[in-house]
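# Tertiary structure, described
Here are the chains, one letter per residue:
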Amino acid sequence: MTTKSNPYRILVVDDDKDILLLLSKWLTDDGFDVVIAASGEEALDRLNIDEPRLVITDLFMGEMSGMDLLARIHAENPLLPVIMLSGNAQIPDAVKATHMGSSAFLTKPVKQAEILDQVKRALRISPERQQQNPIASEIIYKSKPMEELIELAQMVADSDITVFISGATGTGKEILAKAIHKASPRRDHPFVAVNCGAIPEQLLESELFGHEKGAFTGANQKHEGLFKSADKGTLFLDEIGDMPLSLQVKLLRVLQDLEVRPVGSTRSYPIDVRIISATHRDLDAVVKEGEFREDLYYRLKVVPLHMLSLAERREDIPLLAGHFLQKHHNIGSKKQKHFSPDAMDYMIQAPWPGNVRQLINVVDLCATLSRTETITLNLVQHALQDEPCNLQTLKDAKQEFERNYLISVLKITNGHVANAAKIAGKNRTEFYKLLGQHNIDTADFRSEKNPLTSKNLNV
Amino acid sequence: MSNSKIPVTIDIDLEDLIPGFLTNRGKDLGTLRNALECSDFPVMQSIGHSLKGVGGGYGFDRMSEIGAAIENAARIKNVEQLKELIENYSDYLTRVEVRFE
Ligand SMILES: Nc1ncnc2c1ncn2[C@@H]1O[C@H](COP(=O)(O)OP(=O)(O)O)[C@@H](O)[C@H]1O
Ligand SMILES: [Mg+2]
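A few points on the structure.

## Digging into unusual backbone geometry
Residue and element names in this part refer to chain A. Following lysine 108, the chain continues into proline 109 via a peptide bond in cis, with omega recorded as 0°. Tracing the chain through its elements places proline 109 in the loop between β5 (104-107) and α5 (112-122). Here the phi dihedral of asparagine 355 falls at roughly 55°; this positive angle occurs in a residue that is not glycine. Residue placement: asparagine 355 occurs in helix α16 (residues 355-369). Asparagine 355 sits in the buried class, given a relative accessible area of 2%. The backbone of asparagine 414 sits at a positive phi, close to 50°, despite the residue not being glycine. Here asparagine 414 lies in the loop between α18 (394-412) and α19 (417-424). Take asparagine 414: its relative accessible area is 41%, and that puts it in the partly exposed class.

Here it is as structure tokens:
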């Protein structure tokens with residue numbers, strides 16, 4: 001039963017009654033409040049009733065394994081610490097469990113001191129955990145939503161849990177990924193970033209997984225691959241939403257098996273990397289369109305973090321502007337400049353489609369161009385107009401071009417697919433597939449309807 | 001086999017739990033013997049596994065060792081070894097003498 005003095009309630013899950021008794025005894029003697037469950041199913045029921053602060057679960061149990069339970073728990077509450085107990089010290093299980101967010105993986109028989117130590121670590125009530133690398137040292141913010149986000153990031157930093165960062169271009173996804181790495185126990189190992197949208201499909205596979213010498217034409221040398229370069233560190237898969245489907249399958253397999261097989265190689269090797277991924281796309285929508293695998297998405301977004309656009313946190317603008325101005329000043333060595341109050345007000349209200357990246361450009365431009373110490377409203381207005389904000393990504397531009405092209409061809413052919421396909425140099429199946437991807441209905445182009453007034457078109 | 005006692009020192013805090021614990025281990029022995037009789041390897045493997053997990057936690061390290069050996073022998077279906085191990089386990093249970101400290 002609940003004792004008022006102790007806020008920490010722990011749910012212990014094991015199908016072995018004697019283990020439950022033993023762990024309960026140890027934990028209650030140490031002042032914790034313990035509830036028990038004899039199966040994963042029972043544990044899920046208990047979670048909502050008892051609202052524990054920590055779960056300790058056996059790995060091998062009847063119907064639902066500890067790993068399944070971990071996934072179910074984290075689907076609802078990714079921050080609830082889960083400690084795994086296993087009868088077998090199998091490294092792949094341990095690695096998989098930590099990727100899925102377990103705080104610790106202990107092998108039975110477990111000793112009292114060991115379990116209490118891990119429990120306290122996971123609950124952050126052990127003294128050594130308090131002196132942490134603050135994640136926030138390089139990320140500038142004061143808004144409440146950013147504060148909450150950073151707090152969340154701080155909490156997930158010191159495990160191997162897989163993190164997924166969404167948010168528009170220039171909002172700071174990469175800087176956050178880097179900060180998580182730096183605050184993690186992997187900080188002394190590499191942080192490797194790869195832009196999955198910028199590398200051609202054929203190259204991306206060997207870039208990620210490596211290749212043997214002679215694996216394909218042009219492979220004159222063995223290449224170790226980014227998974228290998230990031231060994232013991234963090235691999236940042238940027239613009240994951242642009243990863244081609246064919247590679248998504250391969251990536252999924254790597255994340256499931258925690259093994260990589262280089263292109264042209266017959267052997268796989270185990271990997272030890274933490275995965276952080278990011279995209280500016282609305283991946284839920286991309287999944288619905290069938291362009292991104294749902295199973296991979298679930299594996300990546302164990303902990304989803306969303307970066308707000310600058311317009312959603314305008315309180316941060318003055319602080320950020322000041323910070324970048326200071327930085328600019330440190331690079332050049334003239335007198336420190338500052339924004340006039342009306343210039344600052346203008347910046348606070350600007351739309352900032354290019355987010356923090358655009359803000360940096362505007363600040364740099366103003367600082368360079370201003371002949372006076374005070375940066376005027378006029379200059380800021382000019383800088384904001386001239387700044388070529390928010391170029392589309394290549395993929396978005398291609399998409400838009402493709403859509404417009406299809407529409408033009410269908411207009412010319414009055415919606416006659418066979419003719420349209422011929423003009424486009426595609427067979428009909430391929431052409432239909434393209435139309436489907438762009439959600440274009442050929443009926444809108446048939447002659448009885450006037451294509452130019454059809455609502456479905458947004459050319 | 002000798003009849004001498006095998007002394008084991010157990011944390012006094014666990015005193016209340018030990019009688020029930022040992023009763024369950026006696027039941028395990030029964031199950032192991034039945035399973036051996038009808039060559040039910042999965043059952044032996046599973047009991048060996050749980051003995052391994054539970055023994056050392058309570059302070060019976062030797063029990064964990066025997067459990068691990070049973071799990072392993074059942075996995076490779078080595079009947080001779082299993083016979084011997086289950087007798088070792090039985091012998092251990094009769095001779096073990098708990099002292100609380
Ligand atoms: N909160 C912040 N504090 C300081 N610098 C930031 C912040 N957010 C973004 N930046 C800077 O803005 C630029 C764009 O950020 P980046 O992480 O590359 O964005 P994204 O990956 O979302 O496109 C980088 O130079 C980054 O260092
Ligand atoms: Mg980026």
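Still more ground to cover, so stick around.
## A few points about the sheet that holds β5(A)
All names here are of chain A. Spatially, five strands are ordered β2-β1-β3-β4-β5 in an open sheet, and the strand pairing comes out parallel. Looking along the sheet, the strands with just one partner apiece sit at the ends: β2 (33-37) and β5. Geometrically, the sheet is characterised by an average inter-axis angle of 20° between neighbouring strands, direction not taken into account. Bridging between strand β4 (residues 82-86) and β5 involves four bridges; their strand directions are parallel. Along β5, the bridge assignment pairs leucine 85 with leucine 106. The strands touched by helix α1 (residues 17-29) within the sheet are β1 (9-13), β2, β3 (54-58) and β4, with β2 carrying the most contacts at an inclination of about 170°.

## Some words on helix α2 (residues 40-50) of chain A
Residue and element names in this part refer to chain A. Taken residue by residue, α2 has Gly40, Ala43, Leu44, Leu47 and Asp50 as its buried positions. All buried residues of α2 fall inside an arc of 155° around its axis, so they share one side. Along α2, exposed side chains directed more than 90 degrees from the buried face belong to Asp45, Asn48 and Ile49. Summarising the contacts, the buried residues of α2 are in contact with β1, β2, β3 and α3 (66-76).

## Side note on the interface of chain A and chain B
Taken together, the contact pairs 17 residues of chain A with 18 residues of chain B. At the boundary of chain A and chain B, one finds two salt bridges. Close ionic contact of A:Lys111 with B:Asp61 constitutes a salt bridge, the shortest N to O distance being 3.4 Å. Across the chain A-chain B interface, the total number found is seven residue pairs in polar contact (both at pLDDT 80 or more). In terms of residue count, the dominant contributor to the side of chain A that touches chain B is α1(A) (eight residues). By residue class, the composition of the side of chain A that touches chain B is seven nonpolar, three polar and seven charged.

## Section: helix α8 (residues 173-182) of chain A
Within α8(A), burial applies to A:Lys173, A:Leu176, A:Ala177, A:Ala179, A:Ile180 and A:His181. Tucked into the core, α8(A) has its buried residues touching α7 (144-157), β6 (163-166), β7 (191-195), β8 (234-238), β11 (274-279) and β12 (303-306) of chain A.

## Observations concerning the pairing of β11(A)
All names here are of chain A. Of all six residues that make up β11, six are buried, and the element is covered over most of its length. Alternating residues of β11 divide into Arg274, Ile276 and Ala278 and Ile275, Ser277 and Thr279, and every residue in both groups is buried. Pairing analysis gives four bridges linking β6 to β11, with the strands arranged parallel. Note that in β11 the partner of phenylalanine 164 across the bridge is serine 277. Bridge analysis of β8 against β11 gives four bridges, and the strand direction is parallel. For leucine 237, the partnering residue across the bridge sits in β11 and is serine 277.

## Here's the deal with the sheet that holds β6(A)
Residue and element names in this part refer to chain A. Strands sit in the order β7-β8-β11-β6-β12 across an open sheet of five strands; the sheet is parallel. In the strand order of this sheet, the two ends are held by β7 and β12, each with one partner. Each neighbouring strand pair of the sheet contributes to a mean axis angle of 20°, computed without reference to strand direction.

## Topic: the layout of surface pockets
All names here are of chain A. Roughly 900 Å³ of volume is contained in the second largest pocket. Taken together, 36 residues make up the lining of the second largest pocket; nearest its centre are Leu79, Leu80, Pro81, Gly101 and Ser103. Counting residues per element, the ones that place at least two in the lining of the second largest pocket are α2, α3, α5 and α7. With four residues, the top contributor of residues to the lining of the second largest pocket is α3. Broken down by class, the residue content of the lining of the second largest pocket amounts to 15 nonpolar, nine polar and twelve charged. Residue-level mapping places the lining of the second largest pocket at the junction of two domains, with at least three residues from each of domain 1 (9-122) and domain 2 (135-306).

## A look at the packing of helix α2 (residues 41-58) of chain B against helix α4 (residues 79-95) of chain B
Residues and elements named next belong to chain B. One can describe the packing of α2 onto α4 by two numbers: an axis separation of 13 Å at closest approach and a directional angle of 40°. Between α2 and α4, the interaxial angle falls into the category oblique. Considering how the two elements wind past one another, α2 and α4 form a crossing that is left-handed. Here α2 contributes Phe41, Met44 and Leu51 to the contact with α4, which in turn contributes Val79, Leu82, Ile86 and Tyr89.

## Regarding the packing of α2(A) against α3(A)
All names here are of chain A. The interhelical angle for the contact between α2 and α3, taken along N-to-C directions, is 20°, at an axis separation of 10 Å. Of the possible angle classes, the one that applies to α2 and α3 is roughly parallel. Every pair of crossing elements has a handedness; the one defined by α2 and α3 is right-handed. Counting all contacts with α2, which are made through Gly40, Ala43, Leu44, Leu47 and Asn48, the residues of α3 involved are Leu69, Arg72, Ile73 and Glu76. The class makeup of the residues in the contact of α2 with α3 is five nonpolar, two polar and two charged.

## Section: the side chain of A:Ser143
Residue and element names in this part refer to chain A. Looking at the secondary structure, you find serine 143 in the loop between α6 (127-130) and α7. Overall, the relative accessible area of 1% leaves serine 143 in the buried class. If near-sequence neighbours (up to four positions away) are discounted, serine 143 is found in contact with Arg313, Glu315 and Asp316.

## Things to note about the site of ligand 1
All names here are of chain A. Around ligand 1 there are 16 residues in total, and Ile140, Gly170, Lys173, Ile175 and Arg357 lie nearest to it. Here an oxygen atom of ligand 1 sits 2.8 Å away from a polar atom, N or O, in the main chain of lysine 173. Out of a free accessible area of 560 Å², ligand 1 has 85% covered by protein chains. Mapped by element, the contributors of at least two residues to the shell around ligand 1 are α8, α14 (316-331) and α16. A per-class count over the shell around ligand 1 returns eight nonpolar, four polar and four charged. When we break the shell around ligand 1 down by domain, the ones giving at least three residues each are domain 2 (135-306) and domain 3 (311-391).

What counts as what
- Starting from 1, residues in each chain are numbered consecutively following that chain's sequence as written.
- Chain labels run from A onward and ligand labels from 1 onward, assigned in the order the entries are written.
- Owing to the predicted nature of the model, reporting of local features is limited to residues with pLDDT of at least 70; listing and counting of side-chain atom pairs is limited to 80 or more, with chain, interface and lining totals taken over all residues.
- Just so you know, side-chain values use all the structure's heavy atoms and leave hydrogens and water out.
- Secondary structure elements follow DSSP: runs of H or I no shorter than four residues count as helices, runs of E no shorter than two count as strands, and numbering proceeds from the N terminus.
- Three exposure classes are used, based on accessible area relative to the maximum for each residue type with a 1.4 Å probe and protein chains only: buried under 20%, partly exposed in between, and exposed over 50%.
- When DSSP finds two or more bridges between two strands, those strands count as paired.
- Structural elements are reduced to axes, namely lines fitted to C-alpha atoms, with helices fitted over the stretch in contact, and the angle between N-to-C directions of any two is expressed from 0 to 180 degrees.
- It only takes one pair of heavy atoms within 4.5 Å for two residues to be counted as in contact.
- What the arc describes is the spread of directions from the helix axis to the C-beta atoms.
- Criterion for a salt bridge: a side-chain nitrogen of Lys or Arg within 4 Å of a carboxyl oxygen of Asp or Glu.
- Definition of a polar contact: a pair of N or O atoms within 3.5 Å, with one able to donate and the other able to accept a hydrogen when the atoms are protein atoms, and with sequence-neighbouring residues admitted only if both atoms are side-chain atoms.
- Gly is placed with the polar residues, together with every amino acid not listed as nonpolar (Ala, Val, Leu, Ile, Met, Phe, Trp, Tyr, Cys and Pro) or charged (Asp, Glu, Lys and Arg).
- Put plainly, a pocket is an open set of points on a 1 Å grid over the protein atoms alone with protein on both sides within 12 Å along at least five of seven lines, a cavity is a set where a 1.4 Å probe fits but cannot get out, and a lining residue has an atom within 4 Å of a point.
- Grid points are joined across faces, edges and corners, and a volume is the space filled by probe spheres set on the points.
- Note that the domain bounds reflect an automated or database-derived domain assignment.
- Any angle between 65 and 115 degrees counts as roughly perpendicular, while under 35 counts as roughly parallel, over 145 as roughly antiparallel, and the rest as oblique.
- Handedness of a crossing is defined here by the sense of rotation of the near helix relative to the far one, left-handed for an anticlockwise turn of less than a right angle and right-handed for a clockwise turn.
- Here, proximity means that at least one heavy atom of the residue falls within 4 Å of the molecule or strand.
- Per-residue and other accessible areas were derived by the Shrake-Rupley procedure at a 1.4 Å probe size, with only the shown protein chains allowed to occlude residues.

Nothing here speaks to function; it is geometry throughout.
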